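Given next are the chains, with one letter for each unit.
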Amino acid sequence: MMTDQGIARTALLNKVTTALEKAGRRFVVFSDVVSDPPVEVVEEALAFTRQKGAGAVIGLGGGSSLDAAKGLAVRMVSEVPLREYGDGKPVEGPIAPLYAIPTTAGTGSEVTRVSVITDTVKKEKMAIRGEHLAPLGAVLDPELIAGIPASVAAETGADALTHAVEAYVSLNSNPITDALAIAAIEMIGKNLADFVADSRNREAGLKMLLASCLAGQAFSNGGLGLAHSMGEPLGSYFHLGHGLACALYLPVIMEFNLSEAQYKFANIARALGHGIDNLAQADAADLSVKAVKDLFREIGLPKNYREAGIKNFELNPQMVDDVFPQFSTTCNPRKADAKEIEALYNALA
Ligand SMILES: [Fe+2]
């Protein structure tokens, strides 16, 4: 089982290991996963796995533990170094049997076919991709997210909403990803504020886990957009968490995209609880931005860099260049040039 020290110190790990013991399963625990897991941690876990003779992997934790578990499951059957996969080589063969137990409701990693591992030599994050990276099974249990801090519930929830909204309006979307995404948006609209107010609210917790899972399926097939491709460089240059970066950019990017997917943005407004039947489509679409801003304000998320803890934001031109090679950028419904990306970055200063 791959997890981190934070979880190993809580009763959470015990809950899961007790269930495994009851089921008569033999297991060993590797609890040294760190956030933005580096290649070295996966290699350390691999040595541990080989020493203990483990044949399958359970990722228990947030996005980092699940990413590390995926990396480990790849390396357990492949001699190819993760860096080669990070350079674009797809993971071809089956990987070691992999299961996911998320302890946050946001990444959707339990259904995605990607693992993000940090290359400490190049000092960059690499995406390892392949059909086989999707876990064989996942446990979505609200008991495992009960008690997470409000800030974590808010930021991971914002990530899930950003997945759903970006997948819904993506140029790569299709009727199936649309259905998954709009269902996730509605569930998040109805449950995120309750979950942030009290993460022990089982009903809200379960709905957020489900929404995050639906959104994960939507974006891993339909793609994302500029909130993600601009959030990535912001996160690396200013050391800002992924969910926070998404929360900052989602409303701005929705506004930027409104004209290109008006009908869908009107549907988002409806899914977030606004009556739109008597409104012109453009006005209904506008309401979707207001609904997201209101929700983010209600759950205490920042609306600009200063509130997010970035005192003096100065745009590094590299952050603009970093946006273009990303697949998410190609899925965004409105094309943006470098000047527009620059303006979008500076809109939150
Ligand atoms: Fe995300």
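In this text, all values refer to a predicted model and were calculated from it rather than measured experimentally. (Residues numbered from 1 in each chain as written. Predicted model: local features only at pLDDT ≥ 70, side-chain atom pairs only at ≥ 80, totals over all residues. Heavy atoms only, no water.)

Another aspect to go through is the coordination of the iron ion. For the iron ion, every protein donor is listed as Asp 159 (OD), His 163 (NE2), His 228 (NE2) and His 242 (NE2), and the spread of their distances is 2.1 Å. Around the iron ion, the 4 donor atoms sit at angles spanning 84 to 166 degrees, and that spread fits a shape best called irregular. Sequence positions of the residues that donate to the iron ion give the spacing D-x3-H-x64-H-x13-H. In this pair, His 163 is assigned in helix H6 (residues 150–169) and His 242 in helix H10 (residues 242–257), connecting sequence segments 79 residues apart. Relative accessible area serves as the criterion here: at 32%, His 242 is assigned to the partly exposed category. (Donors = N, O, S within 2.8 Å, 3.2 Å for Na, K, Ca; no water. Tetrahedral: all angles 85-135°; square planar, octahedral: opposite > 155°, others 65-115°. Helix = DSSP H or I, 4+ residues; strand = E, 2+ residues; numbered from the N terminus. Buried < 20%, exposed > 50% of the residue type's maximum accessible area, 1.4 Å probe, protein only.)

So, on to the pairing of strand E5 (residues 114–119). The buried fraction of E5 is high, at 5 of 6 residues. Looking at chain direction, E5 and strand E6 (residues 124–129) are connected through 6 bridges and run antiparallel. Bridge pairing links Ile 117 to Met 126 in E6. Taken together, E5 and the strand that follows it, E6, pair antiparallel across an intervening segment of 4 residues, in which Lys 123 is found at a positive phi of about 55 degrees. (Pairing = 2+ DSSP bridges.)

Within the structure shown, the criterion is met by 5 aromatic pairs. Through successive ring pairs, a cluster of aromatic residues spans Phe 238, Tyr 249, Tyr 305, Phe 313 and Tyr 345. Directly above the aromatic system of Phe 256 lies the positively charged group of Arg 334, at a separation of 3.8 Å from the ring centroid. (Phe/Tyr/Trp six-rings, centres within 6.5 Å; stacked < 30°, edge-to-face > 60°. Lys NZ or Arg CZ within 6 Å of the ring centre and 35° of its normal.)

Next up on the list: the pattern of salt bridges. Scanning all chains against the criterion turns up 19 salt bridges. Of the charged contacts, one joins Glu 131 and Arg 113 as a salt bridge, the two residues approaching to 3.7 Å between their closest N and O atoms. One end of the pair, Glu 131, is in the loop between E6 and strand E7 (137–138); the other, Arg 113, is in the loop between strand E4 (98–102) and E5, and 18 residues separate them in sequence. By relative accessible area, which is 59% here, Glu 131 ends up exposed. Judged by relative accessible area, Arg 113 falls into the partly exposed class, the value being 23%. (Salt bridge = Lys/Arg side-chain N within 4 Å of Asp/Glu carboxyl O.)

Buried together is how nonpolar side chains tend to be arranged in soluble globular proteins. Core analysis: the biggest nonpolar cluster contains 73 residues, and Leu 234 and Tyr 345 have the highest contact counts within it. Apart from the residues within four sequence positions on either side, Tyr 345 is in contact with Ser 229, Met 230, Pro 233, Tyr 249, Tyr 305, Phe 313, Leu 315, Met 319, Val 320 and Val 323. Among the nonpolar cores identified, the runner-up in size contains 25 residues, and Ala 45, Ile 95, Leu 98 and Ile 117 belong to it. (Core = buried A, V, L, I, M, F, W, Y, C linked by side-chain atoms within 4.5 Å. Contact = heavy atoms within 4.5 Å.)

The next thing to look at is the domain arrangement of the protein chain. Frequently, the measure chosen for interface size is the accessible area removed from exposure when the parts meet. For the protein chain, the assigned domains read domain 1 (2–139) and domain 2 (149–346). Using only C-alpha atoms to locate each centre, domain 1 and domain 2 end up separated by 26 Å. On the side of domain 2, 16 residues touch domain 1, which itself brings 11 residues to the contact. Counting the surface lost from both domain 1 and domain 2, the interface buries some 1,000 Å², and carbon and sulfur atoms represent 58% of this. Joining domain 1 to domain 2, the criterion identifies 1 salt bridge. Among the ionic pairs, Glu 232 bridges to Lys 125, the shortest N-O distance being 3.9 Å. Taken together, the links from domain 1 to domain 2 amount to 5 residue pairs in polar contact (both at pLDDT 80 or more). A per-class count over the side of domain 1 that touches domain 2 returns 3 nonpolar, 5 polar and 3 charged. (Domains from an automatic or database assignment. Buried area = accessible area lost by both parts, 1.4 Å probe. Polar contact = N/O pair within 3.5 Å; in protein donor to acceptor, adjacent residues only side chain to side chain. Nonpolar A, V, L, I, M, F, W, Y, C, P; charged D, E, K, R; others polar.)

What follows covers the UniProt feature "domain: Fe-containing alcohol dehydrogenase-like C-terminal" (unreviewed entry) in the protein chain. With numbering matched to this structure, UniProt assigns "domain: Fe-containing alcohol dehydrogenase-like C-terminal" (unreviewed entry) to residues 154–347. Along residues 154–347 the backbone is 70% helical and 0% strand, and the end-to-end C-alpha distance reaches 22 Å. (UniProt positions renumbered as here; feature names shortened; annotations may be inferred.)

Looking along a regular strand, one sees the side chains alternate between the two faces of the sheet. Here E4 lies mainly inside the structure; 4 of its 5 residues are buried. Pairing between strand E3 (residues 57–61) and E4: 5 bridges, direction parallel. Residue pairing across strands places Val 57 opposite Leu 98, the latter belonging to E4. Here 2 bridges tie E4 to E7, and the two strands are oriented parallel to one another.

What follows deals with the environment of Gly 225. Along the polypeptide, Gly 225 turns up in the loop between helix H8 (202–222) and helix H9 (226–238). Remark: the alpha-carbon pair of Gly 225 and Thr 330, spanning 105 residues in sequence, is separated by 7.5 Å.

A separate point is the packing of H6 against H10. Following both chains from N to C, one finds H6 and H10 inclined at 40 degrees, their axes separated by 8 Å at the closest point. When the interaxial angle is binned, H6 and H10 end up oblique. Relative to H10, the crossing made by H6 is left-handed. Across the interface between the two elements, Glu 155, Ala 158, Asp 159, Leu 161, Thr 162, His 163, Val 165 and Glu 166 of H6 pack against His 242, Gly 243, Leu 244, Cys 246, Ala 247, Leu 250, Ile 253 and Met 254 of H10. (Axes fitted to C-alpha atoms, helices over the stretch in contact; angles between N-to-C directions. Parallel < 35°, antiparallel > 145°, perpendicular 65-115°, else oblique. Left-handed = near helix turned anticlockwise from the far one by under 90°.)

Moving on, we come to the environment of Leu 82. Relative to the helices and strands, Leu 82 resides in helix H5 (residues 82–86). C-alpha separation for the pair Leu 82 and Lys 207, spaced 125 residues apart in sequence, amounts to 34 Å. In contact with Leu 82, not counting residues within four places along its chain, are Val 42, Gly 71, Val 74, Arg 75, Ile 117, Met 126 and Ile 128.

Moving on: H6. In a regular helix each residue adds 1.5 Å, so 20 residues correspond to 28 Å; H6 covers 28 Å between its end C-alpha atoms and thus fits that length. In terms of burial, H6 is a largely internal element, 16 of the 20 residues being buried. (Expected span 1.5 Å × (residues − 1).)

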